[in-house]
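# Tertiary structure, described
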Amino acid sequence: MKKAIIIFFIFIIYFLLYFLQVNFFNWFTIAGIKPNLFVLLALFIGLYMDGKVGAILGFILGLYTDFLFSNTVGVSAILLGTVGFCGEILDRKFSKDSKITIVLMASLVTAIYEIILYLYSIIKLSVNVNILSFICILFVEIIYNAFIIIIFYPLIHRFGTYVESVFKNRKMLPRYF
């Protein structure tokens, strides 16, 4: 029952992030570039929930994102599902206790997501190749996502430890070194 409630809240958070992405961040852009909040949500799901749940929810949320934003259906779904699954892999390799590691994970996943999306646009949609412009946009988006994580890290960590205790059946104990 707790898992269903958490998944319901994840969908509510998705719609809140959709509202922020469409309305709020249209006003607060950096050089016309908005953060990609959906990648951050898929990474959160993969880090704090199971990898299968992260992949499935990432796919479902990506499919809905494709219906809302994209002219091709399925690309964001596959990429966000992959991000959700990669969150589980990053969870096994790195600790979530530090802001720096979460920021680095989000930066890595954002870069991979945007590079694959750009390559798909070049190959399938015949978009003109402008590498320097893409690198600048990617750099600004990574920094924007990093600032969002830094600001909301206490909330992310608190909710994430609760979600992890429910989904992974393990309590996160404080680490003393």
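Let me sum up the structure you'll find in this document.

Rules used throughout
- Residues numbered from 1 in each chain as written.
- Predicted model: local features only at pLDDT ≥ 70, side-chain atom pairs only at ≥ 80, totals over all residues.
- Heavy atoms only, no water.
- Phe/Tyr/Trp six-rings, centres within 6.5 Å; stacked < 30°, edge-to-face > 60°.
- Helix = DSSP H or I, 4+ residues; strand = E, 2+ residues; numbered from the N terminus.
- Buried < 20%, exposed > 50% of the residue type's maximum accessible area, 1.4 Å probe, protein only.
- Axes fitted to C-alpha atoms, helices over the stretch in contact; angles between N-to-C directions.
- Parallel < 35°, antiparallel > 145°, perpendicular 65-115°, else oblique.
- Left-handed = near helix turned anticlockwise from the far one by under 90°.
- Contact = heavy atoms within 4.5 Å.
- Nonpolar A, V, L, I, M, F, W, Y, C, P; charged D, E, K, R; others polar.
- Polar contact = N/O pair within 3.5 Å; in protein donor to acceptor, adjacent residues only side chain to side chain.

Glancing now at the packing of aromatic side chains. In this structure the tally under the stated criterion is 11 aromatic pairs. When the ring of Phe24 is compared with that of Phe25, the centres are 5.2 Å apart and the planes differ by 80 degrees; the resulting orientation is edge-to-face. Seen from their ring centres, Phe25 and Tyr144 are 5.6 Å apart, and the 90 degrees between their planes marks the pair as edge-to-face. Separated by 119 residues along the polypeptide, Phe25 in helix H1 (residues 2-27) and Tyr144 in helix H6 (residues 131-167) bring together distant segments of the chain. Here Phe25 matches Tyr144 in class, with each residue buried. Clustering of aromatic rings is evident, with ring pairs tying together Tyr14, Phe15, Phe38 and Tyr64.

A pair of packed helices is captured by two measures, namely the crossing angle of their axes and the spacing between those axes. The geometry of helix H2 (residues 37-48) relative to helix H5 (residues 99-124) is characterised by a closest axis approach of 10 Å and an angle of 125 degrees between their N-to-C directions. One way to sum up the angle between H2 and H5 is to call them oblique. Where H2 crosses over H5, the two elements pack in a sense that is right-handed. The residues of H5 that touch H2, namely those facing Val39, Leu40, Leu43, Leu47 and Tyr48, are Ile102, Met105, Ala106, Val109, Thr110 and Tyr113. The residue inventory of the contact of H2 with H5, partitioned by class, reads 10 nonpolar, 1 polar and no charged.

Positionally, Asn36 belongs in the loop between H1 and H2. Within polar-contact distance, the side chain of Asn36 engages the backbone nitrogen of Phe38 at 3.4 Å.

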